[in-house]
Amino acid sequence: MVEVLITVIKIVAIVFVFAMGVASLMTLLGDRKQSAKIQNRVGPNQAKFFGFSLGGIPHFIADGIKMILKENTMPNGANKWLHTLAPALIFFPALVGWAVIPFMDHYCTGSVRTLADYTEVCIDGEWKNYFSIMHSDAGLLFAFAIAAVSVYGAAIAGWASNNKFSLLGGLRSSAQMISYEVSMGLSLAGVLMIYGTLNLNEMVRAQGYLFGGWLPMWGIVVQPLAFFLFFLAGLAETKRAPFDLPEDESVIVAGYITEYSSMKFAIMQLSEYVATVFIAALIAILFLGGWQVPFLYADGIRFLGNHWQPFAENPDLWYYFTIMLRIGAMVLKVLFLVWLQFMMRWTLPRFRYDQVMTLGWKILLPLSIANLFITALILTIL
Amino acid sequence: MALVETRPVNRIKQNLWDKSYIPEIVRGLAITTRHFFRNMNPDKSQRSTFTREYPEVPTVYPERYRGLHRLMLRADGQVRCVACMCCSTICPADCIHIEAAEHDDPAIEKYPRVFVIDELRCIVCGLCVEACPCDAIRMDGGVHIPPYTERGAAFFDRDLLMERGGLSLAVQGGESK
Ligand code: SF4
Ligand code: SF4
């Protein structure tokens with residue numbers, strides 16, 4: 001019973017508070033405010049709470065209310081069942097993927113000891129999974145499988161709308177997502193070889209290793225090329241500019257979203273933002289050390305072989321402190337990556353569609369295969 | 001065989017590093033990030049936004065701003081206009097309607113019995129002010145033409161225009177009084 005309750009709390013906290021919260025704030029702060037700042041504008045500031053514009057945050061509530069109140073139209077000749085189903089098919093994978101994202105290491109009921117190779121072991125107790133919804137040994141596979149499902153939503157939305165622009169958008173999005181998933185997966189193969197696990201939490205743990213006592217062996221350090229490839233493929237995967245061809249408004253109106261209105265439209269937009277945050281979380285976990293804070297361990301601070309133990313008389317206090325810091329670090333890393341993705345979006349112009357395909361198949365794919373070979377070679381030699 | 005004239009274009013050779021666009025992307029990101037952080041400065045004067053927060057901060061009109069018309073007055077408070085029809089003749093929008101009438105004072109030939117400007121049709125060109133021979137009509141109040149919710153409200157009649165008027169420094173009828 002308690003376990004179920006904890007799971008429910010975890011789901012609410014991670015999916016509905018964090019993922020949805022960040023995503024809906026991103027619709028405003030990321031998209032409208034950040035672009036305004038970049039373009040020397042002020043951005044939305046007219047929706048107010050008691051006369052305070054609060055950085056424009058009330059706008060997303062206003063937008064939500066507006067969306068709910070709008071008429072829900074459906075084009076003539078659209079497949080009603082699929083047209084209604086598609087937003088759910090896009091929204092569902094965007095949320096389910098969060099099941100495997102760890103926001104912090106498992107909680108140890110006993111005391112934590114850090115070994116010489118910087119792995120933490122739990123003494124006189126057991127690990128309790130409090131900070132990720134699901135502890136799965138195939139976490140990464142699950143994340144990828146779920147991300148791949150969202151292709152269906154876009155393709156079905158495009159087809160069911162009975163609109164040429166929608167169909168083009170749906171086709172574009174499925175082609176793009178399938179192409180980039182290949183290089184996304186292959187760029188990670190090197191990472192998998194190094195960590196030797198598909199469990200996302202184990203991967204983050206492995207990144208706690210300090211090379212030479214000072215260099216945290218984060219994924220970006222051991223696999224810089226893979227980070228670059230994965231980031232690019234991730235941008236393309238979430239259909240953000242410069243890869244927003246499926247919604248290329250100057251060419252195909254709004255792509256597969258063209259015929260959607262009201263809350264269905266909002267859901268589709270929102271799930272794109274959730275997907276952006278999700279990719280950011282994946283990058284943070286795989287390449288930026290996830291919840292790891294450099295040199296900070298559950299039983300003290302380690303640097304160049306030295307070991308300090310703040311609050312030595314009360315190790316529990318320090319443990320709680322690390323938990324807070326680590327969750328904070330994870331959240332900050334995700335927010336930073338989301339910010340960076342939006343920065344890319346407002347910096348780069350949109351690609352041409354053939355360029356997107358060329359980049360995916362002729363550049364990213366060979367590079368990720370090369371990365372895989374080199375990693376394998378180095379691992380064999382070492 | 002016809003000769004085709006061709007012009008060789010000197011293309012700048014790009015090396016692989018340039019072609020990867022990485023340096024350019026980094027440069028672009030640097031520019032946008034610079035703008036982003038400059039405009040996040042809590043000190044608003046340091047930002048490079050030039051948006052005027054209009055309803056909160058009123059617009060400062062330039063000195064020679066043309067706005068709502070007004071009809072100037074004589075020293076005794078009567079309308080200066082002599083109903084010469086110059087303004088209504090030159091008005092490109094054809095929005096000034098004047099009906100002239102005899103004035104009781106023999107020194108003044110005519111006065112406008114009716115003087116209506118349709119402010120909604122006015123294109124704010126200022127030609128009426130230029131045309132007026134006796135400084136009777138001006139648009140210099142610094143007040144812009146207000147929005148109307150009703151068509152009739154856009155017709156500004158003589159008394160309304162005179163209410164906004166004032167004394168003119170010009171001497172009526174020229175130098176010799
Ligand atoms: S400003 Fe121009 S359009 Fe308006 S009343 Fe005068 S002459 Fe006519
Ligand atoms: S306002 Fe001036 S131009 Fe117009 S009728 Fe009167 S005197 Fe003539």
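These numbers were taken from a predicted model, which means no experiment stands behind them.

Our next topic: a nonpolar patch on the surface. A cluster of nonpolar side chains, namely Phe49, Phe50, Phe52, Ile61, Ile65, Ile68, Leu69 and Met263 of chain A, defines an oily patch on the protein surface of about 920 Å² accessible area. Tracing the backbone shows isoleucine 68 of chain A in helix 2 (residues 58-69).

Turning our attention to the site of ligand 1. Near ligand 1 you find 13 residues, and of these Cys91, Cys122, Cys125, Gly126 and Cys128 of chain B are the closest. In terms of residue class, the shell around ligand 1 is made up of 11 nonpolar, two polar and no charged.

With that out of the way, let us pick up the confidence of the model for chain B. Residues of chain B with pLDDT of at least 70 account for 96%, and the chain-wide mean is 84. Two numbers describe this predicted complex: its pTM, 0.76, and its ipTM, 0.73.

For ligand 2, the set of nearby residues contains 14 residues, the closest of which are Cys81, Cys84, Met85, Cys87 and Cys132 of chain B. Among the residues making up the shell around ligand 2, the classes are represented as 14 nonpolar, no polar and no charged.

Moving on, we get to the interface of chain B and chain A. Opposite the 18 residues of chain B that make contact, chain A presents 16 residues. Across the chain B to chain A interface the summed buried area is about 1400 Å²; carbon plus sulfur atoms make up 66%. Among the residues of chain B in contact with chain A, Leu29, Thr32 and Phe36 of chain B are the three that bury the most area, contributing 33% of the side total. Scanning the region where chain B abuts chain A turns up zero salt bridges. Seen at the junction of chain B and chain A, the total is five residue pairs in polar contact (both at pLDDT 80 or more). Grouping the constituent residues of the side of chain B that touches chain A by class yields seven nonpolar, eight polar and three charged.

Before going further, it helps to spend a moment on the sheet that holds strand 7 (residues 296-297) of chain A. Whether parallel or antiparallel, the strands of a sheet pair through hydrogen bonds between backbone atoms. Residues and elements named next belong to chain A. Taken in spatial order, the three strands line up as 7-8-9 in an open sheet, and their pairing is antiparallel. On the outer flanks of this sheet lie strand 7 and strand 9 (306-308), each paired with one strand and no other. Pairing of strand 7 with strand 8 (residues 300-303) involves two bridges; the strand directions are antiparallel. Counterpart to tyrosine 297 in the pairing with strand 8 is glycine 300.

Core analysis: the biggest nonpolar cluster contains 72 residues, and Trp98 and Ile101 of chain A have the highest contact counts within it. If one sorts the elements of this core by residue count, helix 10 (residues 262-287) of chain A sits on top with 14 residues. Filtering out sequence-adjacent residues up to four positions away, tryptophan 98 of chain A remains in contact with Ile14, Val15, Phe18, Ala19, Phe103, Ile133, Val274, Val277, Phe278 and Ala281 of chain A. The next biggest cluster of nonpolar side chains, apart from the first, holds 26 residues, and it includes Cys81, Cys122, Cys134 and Phe156 of chain B.

The rules behind the values
Here the residue numbering is sequential within each chain, running from 1 through the sequence in written order. The naming scheme follows written order: chains are lettered A onward, ligands numbered 1 onward. The model is predicted, so local features are restricted to residues of pLDDT at least 70 and side-chain atom pairs to those at 80 or more, both for listing and for counting; the totals for chains, interfaces and linings are taken over all residues. Each side-chain value is worked out from all heavy atoms of the structure, with water and hydrogens disregarded. Each patch is assembled from residues with relative accessible area greater than 30% and no salt bridge, linking like charges that lie within 9 Å and nonpolar side chains (Val, Leu, Ile, Met, Phe, Trp, Tyr) that lie within 5 Å. Working definition of accessibility: Shrake-Rupley area with a 1.4 Å probe, residue cover restricted to the visible protein chains. In the sections that follow, a salt bridge refers to a side-chain nitrogen of Lys or Arg positioned within 4 Å of a carboxyl oxygen of Asp or Glu. For the purposes of this entry, the term helix denotes a DSSP run of H or I that reaches at least four residues, the term strand denotes a run of E that reaches at least two, and both are numbered from the N terminus. Here a residue counts as near a molecule or strand whenever at least one of its heavy atoms sits within 4 Å of it. In this classification, the charged set is Asp, Glu, Lys and Arg, the nonpolar set is Ala, Val, Leu, Ile, Met, Phe, Trp, Tyr, Cys and Pro, and all remaining amino acids, among them Gly, are polar. Here pLDDT means the predictor's own confidence in every residue, given as a number from 0 to 100. Pairs of residues are marked as contacts when any of their non-hydrogen atoms sit within 4.5 Å. By definition, the buried area sums, over both parts, the 1.4 Å-probe accessible area that each loses when the two are put together. Pairs of N or O atoms are called polar contacts if they sit within 3.5 Å, as long as, within protein, a hydrogen donor faces a hydrogen acceptor (for residues adjacent in sequence, only side-chain-to-side-chain pairs). Pairing between strands is defined by DSSP: at least two bridges between the two strands are required. What makes a nonpolar core is a set of buried Ala, Val, Leu, Ile, Met, Phe, Trp, Tyr and Cys residues whose side-chain atoms join them at distances within 4.5 Å. Accessibility here uses a 1.4 Å probe with only protein chains present; expressed as a share of the type maximum, an area under 20% marks a residue as buried, one over 50% as exposed, and anything in between as partly exposed.

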